[in-house]
Each structure stands twice: as C-alpha cells, then as structure tokens.
Amino acid sequence: MKADELVAISTSLGGDFKSIEPHLNRLEKHLTLRTYLTGYTLSDIDTKIWLAIKINRVAVSFVRKGSYANLHRWFTYIEQVHPEIQAEVKAADEARKTKIQEASRAGASYNLALQDTDKGVVTRFLPEPSGYLHIGHAKAALLSDYFGHEAYNGTLRLRLDDTNPSKEKEEYQDAIIEDLALMGIKPDVVTYTSDYFDHLYDTCLKLIKEGHAYADDTDVDTMREERGKGIASKRRDRTVEENLRIFDEMKNGTEEGLKNCIRAKISVDNPNKAMRDPVIYRCNPNDPHHRTGTKWKMYPTYDLACPVVDSLEGVTHALRSTEYTDRNPQFQWFLDTLKLRQVYMWDFARMNFIRTFLSKRKLAKLVDTGRVWGWDDPRMPTIRGIRRRGMTIPALRDFILRQGPSRNVVSMDWASFWATNKKVIDPVAPRHTAVIKKDHVKVAIMGDEAPAEPRTEDKPLHPKNPKVGTKKVAFSKELILDQEDAKLFKDGEEITLMQWGNAVVRAVASGDPITSITCELNLKGDVRATDKKVTWLSTQGQKLIDAELWDFDYLITKDKLEEDDDLEKFLNPTTATMEEAFCDEGVAKLKKDDIIQLERKGYYRVDKGYNEGDDKKVVLFCIPTGKSK
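Just so it is clear, the model here is predicted, and its values are computed rather than measured. (Residues numbered from 1 in each chain as written. Predicted model: local features only at pLDDT ≥ 70, side-chain atom pairs only at ≥ 80, totals over all residues. Heavy atoms only, no water.)

Chemist: Got a sec to walk through the state of the cysteines? Specific residues and values, please.
Modeler: Counted under the stated rule, the structure contains zero disulfides. Looking at the unpaired Cys 204, the closest cysteine sulfur is the one in Cys 261, lying at 10 Å. Cys 204 provides the cysteine sulfur closest to Cys 306, a residue in no disulfide bond, and the two sulfurs are 16 Å apart. (Disulfide = S-S within 2.5 Å.)

Chemist: Can you explain the sheet that holds strand E4 (residues 213–216)? Please cite residues and give values.
Modeler: Think of a sheet as strands paired side by side through backbone hydrogen bonds, with each pair either parallel or antiparallel. One open sheet holds the four strands; their spatial order is E4-E5-E6-E7, and the pairing between them is antiparallel. A strand with exactly one partner marks an edge of an open sheet, and here the two such strands are E4 and strand E7 (298–300). Pairwise comparison of adjacent strand axes, ignoring direction, gives a mean angle of 20° for this sheet. Across three bridges, strand E5 (residues 261–264) lies against strand E6 (residues 279–283) in antiparallel orientation. Each residue of the ladder has a partner; that of Cys 261, found in E6, is Arg 282. (Pairing = 2+ DSSP bridges. Helix = DSSP H or I, 4+ residues; strand = E, 2+ residues; numbered from the N terminus. Axes fitted to C-alpha atoms, helices over the stretch in contact; angles between N-to-C directions.)

Chemist: Before we move on, could you go through the pattern of salt bridges and cite the residues and values that matter?
Modeler: Counted by the stated rule, this structure contains 46 salt bridges. Asp 377 is the partner of Arg 379 in a salt bridge, and the nearest nitrogen-oxygen pair spans 2.6 Å. The residues Arg 379 and Asp 377 share a single accessibility class, namely buried. The residue Arg 431 makes a salt bridge to Asp 426 at a minimum N-O spacing of 3.0 Å. By sharing partners, the salt bridges in this structure join Arg 124, Arg 157, Arg 159, Asp 310 and Glu 313 into a single network. (Salt bridge = Lys/Arg side-chain N within 4 Å of Asp/Glu carboxyl O. Buried < 20%, exposed > 50% of the residue type's maximum accessible area, 1.4 Å probe, protein only.)

Chemist: How would you summarise the packing of aromatic side chains if you had to cite specific residues and measurements?
Modeler: A full pass over the atoms with the stated rule returns 29 aromatic pairs. Their ring planes at 10° and their centres at 6.2 Å tell us that Trp 550 and Phe 552 sit as a pair that is stacked. In this structure, Trp 550 and Phe 552 share a single accessibility class: buried. Between Phe 552 and Phe 621, the ring centres sit 5.1 Å apart and the planes meet at 85°, which makes this aromatic pair edge-to-face. One end of the pair, Phe 552, is in strand E23 (residues 545–552); the other, Phe 621, is in strand E27 (residues 618–623), and 69 residues separate them in sequence. Grouped by ring-pair contacts, the aromatic residues Phe 197, Tyr 201, Phe 247, Tyr 281, Trp 296 and Tyr 299 constitute a single cluster. Seen from the ring of Tyr 192, Arg 291 lies directly overhead, with NZ or CZ sitting 3.8 Å from the centre. Of note, Arg 455 hangs over the ring of Phe 475, and the distance from its end group to the ring centre comes to 4.6 Å. (Phe/Tyr/Trp six-rings, centres within 6.5 Å; stacked < 30°, edge-to-face > 60°. Lys NZ or Arg CZ within 6 Å of the ring centre and 35° of its normal.)

Chemist: Summarise the pairing of strand E18 (residues 494–497); cite the residues concerned and give the values.
Modeler: Pairing between E18 and strand E19 (residues 501–508): four bridges, direction antiparallel. Directly across from Thr 496, in E19, lies its bridge partner Asn 502. In this antiparallel pair of consecutive strands, E18 and E19, the connection spans three residues, and Gln 499 shows a positive phi of 65°. Bridge analysis of E18 against strand E21 (residues 533–534) gives two bridges, and the strand direction is parallel. Pairing of Thr 496 across the sheet is with Lys 533, part of E21.

Chemist: How would you summarise the nonpolar core if you had to cite specific residues and measurements?
Modeler: With 46 residues, the main nonpolar core has Ile 135, Leu 180, Met 183, Phe 353, Leu 396, Ile 400 and Phe 417 as its most contacted residues. Those elements giving two or more residues to this core turn out to be helix H7 (135–151), strand E2 (155–160), helix H8 (170–182), strand E9 (344–348), helix H16 (383–389), helix H17 (393–403) and helix H18 (414–425). Ranked by the residues each element gives to this core, the list is headed by H7, at nine residues. In contact with Phe 353, other than residues within four places in its own chain, are Ile 135, Phe 399, Met 412, Asp 413, Trp 414, Phe 417 and Asp 559. Grouped together as the second largest cluster of nonpolar side chains are 30 residues, Leu 200, Ile 266, Tyr 299 and Ala 305 included. (Core = buried A, V, L, I, M, F, W, Y, C linked by side-chain atoms within 4.5 Å. Contact = heavy atoms within 4.5 Å.)

Chemist: Run through the sheet that holds strand E25 (residues 595–598), naming residues and quoting values.
Modeler: The seven strands lie next to each other as E12-E25-E26-E27-E23-E24-E13, forming an open sheet whose pairing is mixed. Edge positions in the sheet fall to strand E12 (431–432) and strand E13 (434–436), since each of these pairs with one other strand and no more. Sheet topology places E23 next to E27; four bridges connect them, and they run parallel. Considered in E27, the bridge of Ala 547 is made with Val 618. Contacts from H18 reach E25, strand E26 (602–608) and E27, with the element oriented near 125° to E27.

Chemist: Got a sec to walk through the pairing of E2? Specific residues and values, please.
Modeler: By the criterion of burial, E2 is predominantly enclosed, with six of the six residues buried. Examined bridge by bridge, strand E1 (residues 122–125) and E2 share four bridges and lie parallel to one another. Directly across from Val 122, in E2, lies its bridge partner Thr 155. Note that the unit made of E2, H8 and strand E3 (residues 189–192) has a crossover that is right-handed. (Right-handed = clockwise from strand over helix to strand, strands pointing away.)

Chemist: For helix H4 (residues 57–64), give the residues involved together with the corresponding values.
Modeler: With six of eight residues buried, H4 is to be regarded as a mostly interior element. Of all the residues in H4, the buried ones are Arg 57, Val 58, Ala 59, Val 60, Ser 61 and Val 63. After H4 finishes, the residue Gly 66 shows a positive phi value of roughly 80°.

Chemist: So what's going on with the side chain of Asp 179? Residues and values would help.
Modeler: Tracing the sequence through the fold places Asp 179 in helix H8. At 2.7 Å, the side chain of Asp 179 and the side chain of Arg 384 are in polar contact. With residues up to four places along the chain from it excluded, the contact list for Asp 179 reads Tyr 132, Leu 133, Ile 383 and Arg 384. (Polar contact = N/O pair within 3.5 Å; in protein donor to acceptor, adjacent residues only side chain to side chain.)

Structure representation (structure tokens):
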C-alpha cells in the first residue's frame with residue numbers, strides 16, 4: 001500500500017468489526033514481509049495505526065488473539081520495542097483519572113473500577129424509538145457519555161433498538177437524536193438494531209441447530225403461568241428439525257408460524273425468572289417496520305439482540321438501570337453460549353421522582369387522550385417537557401451527573417432538581433414587571449414630585465449583573481398594580497414603588513375588589529424603612545404588553561404510582577392554571593425560549609414571543625425554583 005492509503009486507514013479504525021475488517025485484512029497482507037508499515041524504523045504511520053488499534057476494543061481483541069498473524073507480530077513488536085509509543089495512552093489515562101476524581105469531589109463517586117479499561121472503552125446508549133426521551137433516559141445517556149467520552153476518552157455509540165414495529169415511529173427516532181444533541185451528547189456512531197436483523201436471524205438459527213432454542217406455540221397466559229411456576233413447556237423437547245421447520249414458517253408468516261415464538265433453552269425453574277426460557281423471536285406480520293418495511297414477519301427481542309449486537313459492535317461496558325439486573329446472567333448466557341466477545345455490565349439506579357411516572361405506555365395514554373398537549377407538554381417528565389418548563393441543559397447535566405452511577409434506588413423530590421436550575425438562571429435572567437389583569441388597581445400619583453408628563457429612564461435589567469443590559473422604565477401620574485398588594489394598604493401608610501421610590505397612601509377606594517388608590521410621592525423617604533415594596537406599571541409613556549402567565553402542577557396525586565395502580569384514579573384533575581397579565585413594553589422584544597424573572601412573581605420561560613402569531617401576546621411558563629409557594 002502507498003503512504004496515502006495507510007494514512008486513510010489510520011483514520012478508519014474506530015468502528016465495529018464489520019466496518020474495520022477490510023482494513024485489517026489489507027494491513028495483514030501489507031505486513032507479510034515487513035517489520036514496519038513504511039521504511040525500516042518506527043514512522044508516524046506506524047504510530048497512528050498502532051494507537052488506532054490500541055484504543056479500539058474490537059480491533060485490539062482480534063489482533064491480540066492472533067486472528068491476523070502478521071498484524072499480531074507487528075503490533076506486539078511495536079509494543080515491546082517502542083515503549084515510548086504508549087506515552088500518549090498513559091497521558092490519556094492520567095487525564096481520565098483526574099476527571100474521575102474531580103467528578104467524585106463534586107458529589108457522587110465515579111470510581112467504579114470498570115474492568116479492562118486499559119484496553120479501550122466503548123459505551124452505548126440503547127433507547128427504543130417508541131416514545132420521547134424522559135428524565136430516566138437522560139441519566140442513562142449522560143452516564144454513558146461521561147464514561148465513554150470524558151472519563152476514558154473512548155467511544156459512545158447510539159443504537160436505536162428498533163425491534164418492535166408495533167410501537168416504533170420514525171418521529172420518535174428523530175426526536176431521540178435531536179434530544180441527545182440538545183443535552184450536548186454527540187455519539188461517535190449511530191446504528192440501529194435493524195441493521196443486524198440478518199445477523200440476528202442467523203444467530204437464532206445457530207441456537208436452534210445447537211439445541212439451545214425451540215419453537216413454542218403455548219398461549220401467552222399459559223406460558224406466563226408455567227414460567228412463574230417453573231413448569232416446562234410441552235414443546236421444550238421438540239426436535240431440532242421440527243424447530244427449524246417452524247422457524248421457517250414464522251419467517252414466512254404462515255398460519256402455523258404466527259402461532260409460535262422462539263424461546264432460548266436456558267432453564268425451566270431457575271430462581272431468577274429471567275433465566276426461565278425467555279422469548280427471543282416473535283412474529284409481527286401486520287405492522288411494517290419503519291426502516292425495513294415488510295421484509296420481515298418476525299423480529300428478535302431485546303433479550304437476544306442486546307448481548308449479540310453489543311458484542312458485535314465492540315461495546316466494552318454496557319451501563320443500564322437496576323431494573324435489568326436480573327437479566328445480567330441471561331445476557332452472560334448468550335455471550336457464553338454463542339462464544340461472543342465479553343461485554344461488561346454496570347447497573348445504576350434509575351431516577352425516580354415523587355408524583356411522577358416514567359412508563360412510556362402510561363405517558364402515551366395521556367398524550368393520546370388529550371390530558372396533556374403532547375410529548376413536549378411542560379407537565380411531562382420528558383426531556384422536551386422539562387426543557388419547555390424552563391430547565392436549562394447545564395443544570396440538567398449537572399444535576400444528573402451529581403447523582404452519579406450509584407445503585408441505591410431513591411425517590412427524589414423535584415425541589416432539588418429545580419433548585420439546581422435556579423442557580424444557573426438567576427445570575428443572568430433579565431428582570432421584568434407584570435401586573436395581573438383581573439381586578440388590577442388604578443393608582444393616581446399626586447404631590448410636588450409627581451411627573452408633569454410621562455417619561456422613561458434606563459434601568460438595569462439585572463440588579464447584580466450589568467452585562468445583562470438595560471431596559472426602559474416608564475414613569476407617569478397613572479399607574480396600575482396588583483389587587484393582592486392593594487388589599488394590604490392602609491391610609492397614611494408609606495410604601496415603596498420598586499425602582500422609583502417611596503409614596504404615601506392617601507386614599508383607598510372602598511369596596512371589594514378595590515378599584516383605585518391615590519398615592520403621594522415621597523422620593524426622599526427611606527426605602528429600607530417600609531414594610532411593603534410593590535411592583536407597578538405606568539399606563540402612560542409605554543405600550544403595555546398582553547401576556548398569559550401559566551403555572552403547572554403534578555400530573556398525579558400519589559407520591560409513587562405502583563405498577564398495578566389504576567392511572568385514572570390518581571390523575572390530578574387540575575394541572576394547569578393561567579392568568580392574564582400586563583407586562584412592561586420590554587417584554588415585547590423577548591423570543592421563544594428566553595428566560596426572565598417577573599419581579600415578585602417568579603422565573604418564566606417564553607413559550608411564545610409577542611410577534612409570533614397574530615394575537616400579539618406573550619405566553620410565559622412559570623419555572624419552579626425548588627421552593628414551595
């Protein structure tokens with residue numbers, strides 16, 4: 001091979017075995033009569049290709065076990081004769097240890113003692129495209145990203161586990177990729193389990209031929225009962241020939257085939273029920289697959305596809321939540337039985353929040369029945385939902401990574417989640433003013449200091465951060481303020497009009513609600529001496545902006561929803577409230593996704609800007625801060 005061909009190979013050795021095999025074959029042939037790839041001493045090309053193989057768990061595994069005699073000779077020779085080549089590997093390892101120590105000091109322990117990390121680390125995130133990513137998926141994705149990229153300078157693979165066409169849609173697939181990008185997660189490789197349907201079919205054939213799997217037409221209820229009681233299926237002892245024949249019937253979607261599934265022949269009565277002959281192939285002739293169409297009438301299950309494709313793709317460490325712990329021995333059984341490359345497992349506790357459920361089936365029910373506006377509804381625990389509520393990505397990443405990969409299962413309060421977010425938004429959120437429209441109170445300003453004509457002044461958008469900028473504040477003799485403030489005023493009481501100064505209440509109109517108040521400005525008064533400091537808006541000198549202020553509550557009334565609980569019985573009847581308000585003129589400049597603070601009312605995310613749509617109003621969603629109201 002020429003030098004430019006070798007350079008091209010050096011950048012093409014980061015994939016799975018299927019993609020790198022042609023390159024390994026070419027290197028094997030090239031090294032037949034050579035000690036080095038080029039010349040008679042260690043070259044840059046030797047260094048680059050050696051390091052590329054070294055950090056790819058799949059490549060180094062095949063080279064070390066002698067599958068390629070010449071490559072193995074060259075690789076071992078370089079390793080022994082040129083120890084300096086490993087300086088880069090050692091430097092990366094030191095950097096990794098430093099990152100882990102820093103992360104551990106920040107809160108959770110990341111010292112997991114993962115196996116064989118010196119041979120390279122490849123993690124994967126494996127979502128099913130049957131719904132939008134939720135907060136539980138975010139933890140799996142961020143931890144896999146952390147260990148794959150930050151801690152070990154390795155590789156993160158995204159594999160869409162699209163083995164169930166009844167539930168999956170291209171919409172969900174695209175949304176998952178978009179949501180990961182929003183979270184700052186950039187997988188090195190994106191694949192689909194459906195890429196391997198042919199290989200998985202051959203794998204199932206192999207299991208059947210070797211007596212490790214059988215066809216079973218037992219009905220679902222009976223099979224569930226037999227597995228629970230540890231009773232062998234009547235079909236367990238079918239001959240290999242009969243099983244192969246029925247598997248072919250399943251492939252063709254015949255009447256007989258549709259009655260059957262394929263089960264792995266592991267155990268009948270293992271105390272771990274995940275080991276009791278799990279189903280590994282089942283028929284689905286009616287729903288076209290969103291990628292393969294109608295080519296297949298049957299599909300592999302997660303239990304088969306996960307270990308086989310993990311091993312094939314070069315995954316070294318698979319991180320998944322503790323709900324899969326019982327499946328770990330099953331995962332290992334497939335690796336051992338099929339003589340596949342080892343993949344190490346690490347279980348972490350999924351994130352559970354009070355008065356929240358993460359079942360995609362139940363979340364989909366809320367969407368389908370119109371109980372929420374969609375998967376991105378701010379009441380939903382989806383990534384899109386909590387972002388629409390006002391959660392920032394830096395806060396989301398920080399919160400989840402501080403929980404770490406612990407196996408301890410706890411139910412958390414949302415308060416700490418949103419308190420983390422407040423620390424991010426408070427230093428930079430511009431301050432604006434709103435007055436609730438309903439029963440708002442008109443204020444007449446009198447006295448020698450009252451402005452003769454409306455005027456505006458530049459005021460800081462943030463009291464402690466001048467970089468946020470300034471806003472125009474209008475002053476005049478005619479103001480409005482909130483009814484709940486006016487109800488607390490007494491005749492003769494001195495109050496503070498925020499960002500203006502003090503005023504003395506001279507008259508309060510009788511009646512409930514209060515309709516008007518008269519105040520006399522006293523700008524020389526001490527703002528520190530007043531008990532009541534209120535927000536207000538001038539009705540002159542600016543155009544008041546119409547706004548909707550939305551607030552949201554939990555979707556359910558029970559802290560923890562059990563698997564067999566009837567969702568309908570625990571749905572919160574009122575989960576969204578809206579108040580119409582007037583806002584200062586500066587609010588008209590805000591764009592969708594901007595985050596502000598309405599003084600004395602809270603933090604808000606802009607869901608719709610003033611100029612978006614024909615109705616000329618701003619829609620604001622209240623952002624929780626972790627404090628109860």
